[in-house]
Amino acid sequence: MNTKDKGFNTKLIHAGDFEDEFGAAVTPIYQTSTFSFKNAQHGADLFAGKEKGYIYSRISNPTIQVLEDKLASLENGFGGIALSSGMAAVTTAYTALLKQGDHMISTGAVYGPSRGVMESIFNDFGIESSYVDTSNLDNIRKAIKPNTKMLYIETPANPTIQLTDIKRASEIAHEHNIIVVVDNTFSSPYLQMPLDLGADIVLHSLTKFINGHADIVGGALIVKEEALYKKVRKTMVMMGGNMDPHQAYMVIRGVKTLSLRIDKAQASAMKVAEFLENHPKIAWIKYPGLKSFAQYDLAKEQMSGFGSMISFGVKGGHDAGVTMMNNVKLALLAVSLGGVETLIQHPASMTHAGLSAEAREAAGISDELVRFSVGIEDVEDIIADLNDALEEIKVDLIEEVALN
Ligand SMILES: *Cc1c(COP(=O)(O)O)cnc(C)c1O
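Cut-off values and rules
Residue numbers run consecutively from 1 along every chain, following the written order of its sequence. With pLDDT at 70 or above as the cut-off, local features in this predicted model cover only qualifying residues; side-chain atom pairs require 80 or more to be listed or tallied, and sums for whole chains, interfaces and linings still use all residues. Excluding hydrogens and water, the side-chain values take into account all heavy atoms of the structure. The helix count covers DSSP runs of H or I at least four residues long, the strand count covers runs of E at least two residues long, and both are numbered beginning at the N terminus. Atoms counted for the radius of gyration: C-alpha only. Globule rule: 2.2 Å times residue count to the power 0.38. Accessibility here uses a 1.4 Å probe with only protein chains present; expressed as a share of the type maximum, an area under 20% marks a residue as buried, one over 50% as exposed, and anything in between as partly exposed. Whether two residues are in contact is decided by their heavy atoms: any pair within 4.5 Å suffices. To measure how exposed things are, a 1.4 Å probe is used in the Shrake-Rupley method; for residues, cover is taken only from the protein chains shown. In this count, Lys and Arg are taken as positive residues and Asp and Glu as negative ones, while His and the chain termini are left out. Charged groups are reduced to one reference atom each: NZ for lysine, CZ for arginine, CG for aspartic acid, CD for glutamic acid. Each salt bridge in this description consists of a side-chain nitrogen of Lys or Arg and a carboxyl oxygen of Asp or Glu lying within 4 Å of one another. Patch criteria: residues need more than 30% relative accessible area and no salt bridge. Like-charged residues are merged within 9 Å; nonpolar side chains of Val, Leu, Ile, Met, Phe, Trp and Tyr are merged within 5 Å. DSSP-based pairing: two strands are paired if at least 2 bridges between them are found. Helix axes use the C-alpha atoms of the stretch in contact, all axes being lines fitted to C-alpha atoms, and the angles between their N-to-C directions lie in the range 0 to 180 degrees. A molecule or strand has a residue near it when one of that residue's heavy atoms lies within 4 Å. Polar contact is the term for a pair of N or O atoms within 3.5 Å; when the atoms are in protein, one must be able to donate a hydrogen and the other to accept it, and sequence-neighboring residues count only if both atoms are side-chain atoms. Residues are sorted three ways: Asp, Glu, Lys and Arg are charged, Ala, Val, Leu, Ile, Met, Phe, Trp, Tyr, Cys and Pro are nonpolar, and all the rest, Gly among them, are polar. What counts as a domain boundary in this text is fixed by an automatic or database domain assignment. Accessible area that two parts lose when put together, with a 1.4 Å probe and added across both, is what the buried area reports.

### Here we look at the overall build of the protein
In step 1: If you tally the helices and strands in the protein, you get 16 helices and twelve strands.
In step 2: For the protein, whose C-alpha radius of gyration is 22 Å, the value lies close to the compact-globule estimate of 22 Å for 404 residues.
In step 3: The dimensions of the protein, computed from C-alpha atoms along their principal axes, are 80 × 50 × 35 Å.
In step 4: Within the protein, buried positions represent 55% of all 404 residues.
In step 5: The contacts of the protein with a sequence gap of at least 6 include a subset with a gap of at least 24, amounting to 71%.
In step 6: Accessible area of the protein: about 17,500 Å², with a carbon and sulfur share of 52%.
In step 7: Considering the protein, the positive charge centre built from 36 side chains and the negative charge centre built from 49 side chains are found 6 Å apart.

### Looking at the pattern of salt bridges
In step 1: Applying the stated rule across the entire model yields nine salt bridges.
In step 2: Salt-bridge contacts for Arg141 lead to Asp138; the nearest nitrogen and oxygen are separated by 2.7 Å. Of this pair, Arg141 and Asp138 both sit in helix α6 (residues 137-143), three residues apart, which is roughly one turn of the helix.
In step 3: Classification of Arg141 as partly exposed rests on a relative accessible area of 45%.
In step 4: A salt bridge links Glu226 to Lys230; the shortest N-O distance between them is 3.1 Å. Pair noted here: Glu226 and Lys230 are both in helix α9 (residues 226-239), with a separation of four residues, about one helical turn.

### A few points about a nonpolar patch on the surface
In step 1: A grouping of Leu333, Val335 and Met350 is seen on the molecular surface, where their side chains present a nonpolar patch of about 240 Å² in accessible area.
In step 2: With relative accessibility at 35%, the residue Met350 sits in the partly exposed group.

### Some details on the environment of Ala199
In step 1: Residue placement: Ala199 occurs in the loop between α8 (188-191) and β6 (201-205).
In step 2: On the accessibility criterion, Ala199 (0% relative accessible area) is buried.
In step 3: With 46 residues separating them along the chain, Ala199 and Ile153 place their C-alpha atoms 9.5 Å apart.

### Quick look at the sheet that holds strand β11 (residues 343-345)
In step 1: Here five strands make up an open sheet; going across it, the order is β8-β9-β12-β11-β10 and the pairing mixed. The sheet is open, and its two edges are formed by β8 (282-286) and β10 (332-333), each paired on a single side.
In step 2: Against the sheet, helix α11 (residues 258-277) contacts β8, β9 (309-314) and β12 (369-373), and its axis sits at roughly 15 degrees relative to β9.

### Structural notes on the site of the ligand
In step 1: Near the ligand lie 14 residues; those nearest to it are Met87, Asp183, Ser205, Thr207 and Lys208.
In step 2: Within the backbone of Met87, an N or O atom sits 2.8 Å from an oxygen atom of the ligand.
In step 3: Within the side chain of Lys208, an N or O atom sits 2.7 Å from an oxygen atom of the ligand.
In step 4: Of the residues belonging to the shell around the ligand, the class tally is four nonpolar, seven polar and three charged.

### Concerning the domain arrangement of the protein
In step 1: Structurally, the protein comprises domain 1 (12-255) and domain 2 (258-403).
In step 2: When each unit is reduced to the centre of its C-alpha atoms, the spacing between domain 1 and domain 2 is 28 Å.
In step 3: The junction of domain 1 with domain 2 conceals about 3,100 Å² of combined surface from both sides, 62% of it contributed by carbon and sulfur atoms.
In step 4: Contact with domain 2 buries surface across domain 1, with Tyr190, Leu191 and Phe209 losing the most and accounting together for 23% of the total.
In step 5: At the surface where domain 1 touches domain 2, the tally comes to one salt bridge.
In step 6: Here Arg168 and Glu301 are joined by a salt bridge, their closest N and O atoms 3.1 Å apart.
In step 7: Counting every contact that joins domain 1 to domain 2 gives 17 residue pairs in polar contact (both at pLDDT 80 or more).
In step 8: For the side of domain 1 that touches domain 2, the elements supplying multiple residues, two or more each, are α5 (112-122), α7 (166-175), α8 and α10 (245-255).
In step 9: Looking at the side of domain 1 that touches domain 2 residue by residue, the classes come out as 18 nonpolar, 16 polar and five charged.

Right, here's the structure in full:
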């Protein structure tokens, strides 16, 4: 079905579909590594690109292609590339677009491993990187060098929920021929369309909102222009970070309910955020939907909804936060996010433990920060769970810290 002029929800269900010869209602899993050619000439034509078709599943596969075409349609890009994980998407983007002597500027508070792999592996290959607070556009301008080739933005950033102005940051980068990559994992195309705002490539951990059911790991890159798409796709095929057909099937199934899940989760997140903001044991909270959120106006400008990720600090700091995390019963104490189940975690000791204490501090990831991913359970139950866990924080723990 041609969904080009159709709405977002129609694209979620139908974009990328092909007509199955048996009339299957959903995309079948082509669980095959290789595809036979009709004859030697057919094989040669496929390799030469003279004919369309499938050769080998690392290069492309019908099930995976449905997902890739669907994601490209949702993000308004020329083409999609599905990968084995979000990190395979990150490393494929770095490898495709950066070479020895090049420089990259990135949001300081990015997903921990996106920074960790750059600083522990790519820097050793002679690629330079600067991690700055990209929420202040001046920091981007100041970090640009003659050899800067990539601006890598994560917004909202993980786990500080800090936003970067995609449109203006892209304008600055493009004045210097710098390619803009946006990690859109926290928002998904339902809430934010980076390519429409000026970015060149969108990156996703499909593991999170897009698949949404915490049952697979996957990643994707969606590229706006054909030439750049071909370059990145070729790198994926050579590096071998491809997705598996079964994984693709799961994501195709999961993504169909993206807007329903996000509508429900973000409505609940607003209520949870209001509950926390008014709770006497909460020191601070960051949620883009709160009027108290420093970048509320930017959130309204570039996002069509505020999402379901919340960060907060408990009075009593780190120890009080740990007490709270050990006493929630409904929320799972687990990393990852964007699934149907509510999750809670502690970035300083978990997802961002790989960063140095100084890097964490510079990125605004304090030891007390608790990250909360609101699921689609009944919001009354989510709030009651938080309330019960906060009860377990004894007042003297709070006062002790206040006295220090
Ligand atoms: C999880 C995540 C990644 C990495 O994805 P994986 O699927 O775990 O490899 C990258 N960016 C963000 C923002 C994430 O949350």
